[in-house]
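Residue-level listing of the chains:
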Amino acid sequence: IHALARRAGRSCVIRCSSSGGKKPPAFPHSQKGRHQIMRGGSLFDVAGSPVIQSVASDFRPKRIILLRHGESMGNVDDSAYVTTPDWRVELTERGQQQASDAGIALRDMIGDTGQAFFYHSPYKRTTQTLERICEHLDDKQIIAIREEPRISELQFGNFQNVEEVLKCKEERHKFGRFYYRFKSGESGLDVYSRVSSFITTLVRDCHQYSAAGHDLSRMNVVIITHGLALRLYLMRWFQFSVEVFDASSNPDNCQLITMKKHAGKNGHKWYELDPSDRESLSLPECCGVPQNVHLHKLARGATYDEPSF
């Protein structure tokens, strides 16, 4: 991942302003006006001088794209978790190809002038998925890469006993996926709470990238995570119920789940879930738009933000 960050010309732990097509040196090497850090909610350069921030009219990126990692060894053989920690389980050869194909699909979606910043779970399978995807993007398209533990897989426990886990999953099906807690592990509610915290960080990061001079009208946020965490992210964002979540399905490995920015005539902006993606997740039509948009009837006269490339 550090190699990917170096390739992108950014550090994973700093805010970066526009580089004018030139790659800035790796932090902590100082170059005034190039590297910026947050201190007390304000931007400072590495020399400690305050940075004048531009006021952006819209801090929302063009799209938010979520995807589940490629096929892993655990997806094809439950016994993989017996001797290998869950977070170290790797992709299969098929999973590597799925991730590569997702990189091509992402490149086609955002276009030659589109840019992206990435969040990924620290798990080996999500990290490998990220690496394969980034092989198909130009250096200048990758604004930043951040490892984000809050979008990790639900914790089932430590080294897993296959029979016990299968028994627990059967019990979870009867009890309900959202509230069921694995022994020595987490419940869906736990993952929902940490994903909710991550969304707050995502919004703050978008504000900071906008203030640093990035054009968010052509920016894409890409979140590489796990099936359950992905659905809980959507549950939090679109505010649908526990019952709807329990009836939903995981996306296919490396399927791009796209949230696209919409605008109403009254100036309100929000994201809507691609209809085909929503159907693939077994979500009803009402779950493709945030509930407050339905509540305030903001979608009347809404328009798509058309591609700028």
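Only a predicted model underlies this, so the values are computations on that prediction, with no experimental measurement involved. (Residues numbered from 1 in each chain as written. Predicted model: local features only at pLDDT ≥ 70, side-chain atom pairs only at ≥ 80, totals over all residues. Heavy atoms only, no water.)

Engineer: In this structure, what is going on with the overall build of the protein? I would like to understand it.
Structural biologist: Of the regular secondary structure elements, the protein holds 11 helices and 10 strands. In the protein, 70% of the contacts between residues at least 6 apart in sequence involve partners at least 24 apart. Of the accessible surface of the protein, which amounts to about 14,800 Å², a share of 50% is contributed by carbon and sulfur atoms. (Helix = DSSP H or I, 4+ residues; strand = E, 2+ residues; numbered from the N terminus. Contact = heavy atoms within 4.5 Å. Areas by Shrake-Rupley, 256 points an atom, 1.4 Å probe, with all protein chains shown as cover.)

Engineer: It is not clear to me how the packing of aromatic side chains should be interpreted in this structure. Could you clarify?
Structural biologist: The relation between two aromatic rings is expressed through the spacing of the ring centres and the mutual angle of the planes. A full pass over the atoms with the stated rule returns 12 aromatic pairs. When the centroid spacing of 4.5 Å and the interplanar angle of 25 degrees are considered together, the rings of F117 and Y209 count as stacked. Highlighted residues: F117 in strand 5 (residues 115-120) and Y209 in helix 7 (residues 188-211), separated in sequence by 92 residues. Of the two residues examined, F117 and Y209, each falls in the buried class. Judged by centre distance (5.1 Å) and plane angle (80 degrees), the rings of Y119 and F198 are edge-to-face. Of the two residues, Y119 is situated in strand 5 and F198 in helix 7; the sequence distance between them amounts to 79 residues. Among the residues examined, Y119 registers a relative accessible area of 2% and is labelled buried. The class for F198 is buried, based on a relative accessible area of 0%. In textbook terms, an aromatic cluster arises when at least three aromatic residues are bridged by ring pairs, as seen for F117, Y119, F198, Y209, Y233, W237 and Y271. (Phe/Tyr/Trp six-rings, centres within 6.5 Å; stacked < 30°, edge-to-face > 60°. Buried < 20%, exposed > 50% of the residue type's maximum accessible area, 1.4 Å probe, protein only.)

Engineer: Even after reading the chapter, I still don't get the pairing of strand 5, so can you show me in this structure?
Structural biologist: A regular strand carries its side chains on alternate faces of the sheet. Strand 5 sits mainly inside the fold: six of its six residues count as buried. The pairing of strand 5 with strand 6 (residues 142-147) spans five bridges and is classified as parallel. Along strand 6, the bridge assignment pairs F117 with A144. In this fold, strand 5 hands off to helix 5 (residues 124-134), which returns the chain to strand 6; that crossover is right-handed. (Pairing = 2+ DSSP bridges. Right-handed = clockwise from strand over helix to strand, strands pointing away.)

Engineer: What should I look at first to understand the side chain of T258 in this one?
Structural biologist: Locating T258 in the fold gives a position in strand 8 (residues 256-263). Overall, T258 belongs to the buried group, its relative accessible area being 10%. Ignoring any residue separated from it by four or fewer positions in sequence, one finds T258 in contact with R63, I64, I65, M109, E272, L273, D274 and D277.

Engineer: What am I meant to see in unusual backbone geometry here?
Structural biologist: With glycine set apart, most residues show a phi of negative sign, and most peptide bonds adopt trans. Phi angles above zero are rare outside glycine, and S184 is one such case at about 60 degrees. Looking at the element boundaries, S184 is found in the loop between helix 6 (162-175) and helix 7.

Engineer: Looking at this structure, how should I read helix 6?
Structural biologist: Owing to its 3.6 residues per turn, the α-helix aligns residues three or four sequence positions apart on the same side. With 14 residues, helix 6 extends 20 Å from end C-alpha to end C-alpha; this agrees with the ideal 20 Å at 1.5 Å per step. Looking only at helix 6, the buried set comprises V165, C168 and R172. Considered in projection along helix 6, the buried side chains sweep an arc of 60 degrees and stay on one side of the axis. What points out from helix 6, more than 90 degrees from its buried face, is the exposed set E163, K167, H173 and K174. Downstream of helix 6 by a residue or two, G176 has a phi angle that is positive, lying close to 120 degrees. (Expected span 1.5 Å × (residues − 1). Arc of directions from axis to C-beta.)

Engineer: What am I meant to see in the pattern of salt bridges here?
Structural biologist: Opposite charge on two side chains permits them to pair, given that their charged atoms come into close proximity. Counted according to the given criterion, the structure contains nine salt bridges. Residue R150 is joined to E148 by a salt bridge in which the shortest nitrogen-to-oxygen separation is 2.9 Å. Given the relative accessible area of 5%, E148 is considered buried. Between R218 and D215 there is a salt bridge, with its nearest N and O atoms 3.8 Å apart. Judged by relative accessible area, which is 36%, D215 ranks as partly exposed. (Salt bridge = Lys/Arg side-chain N within 4 Å of Asp/Glu carboxyl O.)

Engineer: Please clarify how the packing of helix 7 against helix 8 (residues 227-238) should be interpreted in this entry.
Structural biologist: The packing of two helices is summarised by the inter-axis angle and the distance between the axes. It is at 9 Å that the axes of helix 7 and helix 8 come closest, and there the two elements cross at 65 degrees. The handedness of the crossing between helix 7 and helix 8 comes out as right-handed. Here G188, V191, Y192, V195, S196, F198, I199 and L202 of helix 7 come into contact with helix 8, specifically with L228, A229, L232, Y233, M235, R236 and W237. When the residues that make up the contact of helix 7 with helix 8 are grouped by side-chain class, the tally is 12 nonpolar, two polar and one charged. (Axes fitted to C-alpha atoms, helices over the stretch in contact; angles between N-to-C directions. Left-handed = near helix turned anticlockwise from the far one by under 90°. Nonpolar A, V, L, I, M, F, W, Y, C, P; charged D, E, K, R; others polar.)

Engineer: Explain the confidence of the model for the protein here, please?
Structural biologist: When pLDDT is low, close inspection of the predicted coordinates is not appropriate. In this model, the protein carries an average pLDDT of 81, and 76% of its residues clear a pLDDT of 70 or more. The low-confidence segment residues 301-309, where pLDDT is below 50, has 25 contacts with residues more than four positions distant or belonging to other chains. (pLDDT = per-residue confidence, 0-100.)

Engineer: Is there a simple way to think about the packing of helix 4 (residues 93-110) against helix 5 in this case?
Structural biologist: Two elements in contact, helix 4 and helix 5, have axes whose closest approach is 7 Å; the angle formed by their N-to-C orientations is 45 degrees. It follows from the interaxial angle that helix 4 and helix 5 lie oblique. Pair helix 4 / helix 5 crosses with right-handed handedness. Residues Q96, A99, S100, A102, G103 and L106 of helix 4 touch helix 5, and the partners they reach there are Q128, T129, R132 and I133. Taken together, the residues that form the contact of helix 4 with helix 5 break down as four nonpolar, five polar and one charged. (Parallel < 35°, antiparallel > 145°, perpendicular 65-115°, else oblique.)

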